[in-house]
Amino acid sequence: MSATTSGDYVIRAIRADEWAAAKRLRLVALRDPVADIAFLETHDEALERPDSFYQERAARSAAEPSDARQFVAVAADGEWAGTVTVLIEEAGTTDWAGFPVERRQGHVVGVFVRPEHRGSGLVKALFDAGAEWARERGAERVRLLVHAENPRAQGAYRKAGFVPSGVLVPFFKDEAETEVEFVLEWPA
């Protein structure tokens, strides 16, 4: 996929040799005030991972073909302002949480925009790039899970065109809490 421009940002897929920048942005994301309900891992867990973990993740994202792609928004000064990753889930399989996947779809994970870049439409631009990539690979829709107590993220997802599907799943860290599935679907 080629890069697109959105305002003052270039939205593009990461390259394999950019693993260190991807790691740095991930560590920043895991310091966000809502990171404990937005990400699967903690800052300390991510910090303890060997560089080979980030190298393999970046290489997998940059490979063709690939079932995962990480997109970044690069600001005019070269700073990585935000990121989103889309995983392709195949019909007839189960997702990372063990729930059945009913159709080929993209699953959005790792959404983060630096605070100073929020409110600029960047989330939508990142989602548009990820959804286009998933659709080019035959996905029928794109979905994501968001904690029921994360209204900031829910608002951003709604602005980007996602809607709640009605599916609720237990929060992976505490089954007494809930995550809401949001979907972006397009005509067949």
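All of these numbers come straight from a predicted model, not from anything done at the bench.

## Examining the packing of aromatic side chains
Phase 1 of the analysis: Per the counting criterion, the structure on display carries five aromatic pairs.
Phase 2 of the analysis: Aromatic side chains Phe 127 and Phe 162 sit 4.9 Å apart centroid to centroid with 55° between the ring planes, which places their arrangement in the tilted category. On the criterion of sequence distance, the pair formed by Phe 127 in helix H5 (residues 122-136) and Phe 162 in the loop between helix H6 (151-159) and strand E7 (163-171) is long-range, its members being 35 residues apart. Here Phe 127 matches Phe 162 in class, with each residue buried.
Phase 3 of the analysis: Between Tyr 157 and Phe 182, the aromatic rings sit 6.3 Å apart at their centres with planes inclined by 70°, giving edge-to-face as the arrangement. Of this pair, Tyr 157 sits in helix H6 while Phe 182 is found in strand E8 (residues 174-185), placing the two residues 25 residues apart along the sequence.

## So, the pairing of strand E5 (residues 105-113)
Phase 1 of the analysis: Of the strand pairs in this sheet, strand E4 (residues 80-89) and E5 are connected by seven bridges, and their pairing is antiparallel. Residue pairing in the sheet places Leu 87 in a bridge with His 107 of E5.
Phase 2 of the analysis: Sheet analysis places E5 next to strand E6 (residues 141-147), joined by two bridges and oriented parallel. Of the residues in E6, the one forming a bridge with Gly 106 is Val 142.
Phase 3 of the analysis: In this view, the connection linking E5 to its parallel neighbour E6 by way of H5 has right-handed handedness.

## What about the nonpolar core?
Phase 1 of the analysis: Residues Phe 127 and Phe 162 are the most contacted members of the largest nonpolar core, which totals 33 residues.
Phase 2 of the analysis: Those residues in contact with Phe 162, other than ones at most four positions away along the chain, are Val 108, Phe 127, Val 142, Arg 143, Leu 144, Tyr 157, Phe 182, Val 183 and Leu 184.
Phase 3 of the analysis: Counting 16 residues, the second-largest nonpolar core is a separate cluster that includes Ile 14, Ala 29, Phe 39 and Val 72.

## Observations regarding a nonpolar patch on the surface
Phase 1 of the analysis: Together, Leu 40, Trp 96 and Phe 172 make up a nonpolar patch on the protein surface, roughly 290 Å² of accessible area in all.
Phase 2 of the analysis: Among the secondary structure elements, Leu 40 is positioned in the loop between helix H2 (35-38) and helix H3 (43-48).

## Some details on the pattern of salt bridges
When charged atoms on two side chains of opposite charge get close, those side chains can pair.
Phase 1 of the analysis: Within this structure, the stated rule accounts for 20 salt bridges.
Phase 2 of the analysis: Between Glu 89 and Arg 143 there is a salt bridge, with the nearest N and O atoms lying 3.1 Å from each other. Of the two residues, Glu 89 sits in strand E4 while Arg 143 sits in strand E6, which places them 54 residues apart along the sequence.
Phase 3 of the analysis: By relative accessible area, Glu 89 is classed as buried at 8%.
Phase 4 of the analysis: Asp 95 serves as the salt-bridge partner of Arg 143, at 2.6 Å between the closest nitrogen and oxygen. With a gap of 48 residues between them, Arg 143 in strand E6 and Asp 95 in the loop between E4 and E5 connect regions that are remote in the sequence.
Phase 5 of the analysis: Relative accessible area serves as the criterion here: at 6%, Arg 143 is assigned to the buried category.
Phase 6 of the analysis: Through salt bridges with shared partners, a single ionic network connects Glu 89, Asp 95, Arg 141, Arg 143 and Glu 181.

Cut-offs used in this document
Residues numbered from 1 in each chain as written. Predicted model: local features only at pLDDT ≥ 70, side-chain atom pairs only at ≥ 80, totals over all residues. Heavy atoms only, no water. Phe/Tyr/Trp six-rings, centres within 6.5 Å; stacked < 30°, edge-to-face > 60°. Helix = DSSP H or I, 4+ residues; strand = E, 2+ residues; numbered from the N terminus. Buried < 20%, exposed > 50% of the residue type's maximum accessible area, 1.4 Å probe, protein only. Pairing = 2+ DSSP bridges. Right-handed = clockwise from strand over helix to strand, strands pointing away. Core = buried A, V, L, I, M, F, W, Y, C linked by side-chain atoms within 4.5 Å. Contact = heavy atoms within 4.5 Å. Patch = residues over 30% accessible without salt bridge, like charges linked within 9 Å, V, L, I, M, F, W, Y side chains within 5 Å. Areas by Shrake-Rupley, 256 points an atom, 1.4 Å probe, with all protein chains shown as cover. Salt bridge = Lys/Arg side-chain N within 4 Å of Asp/Glu carboxyl O.

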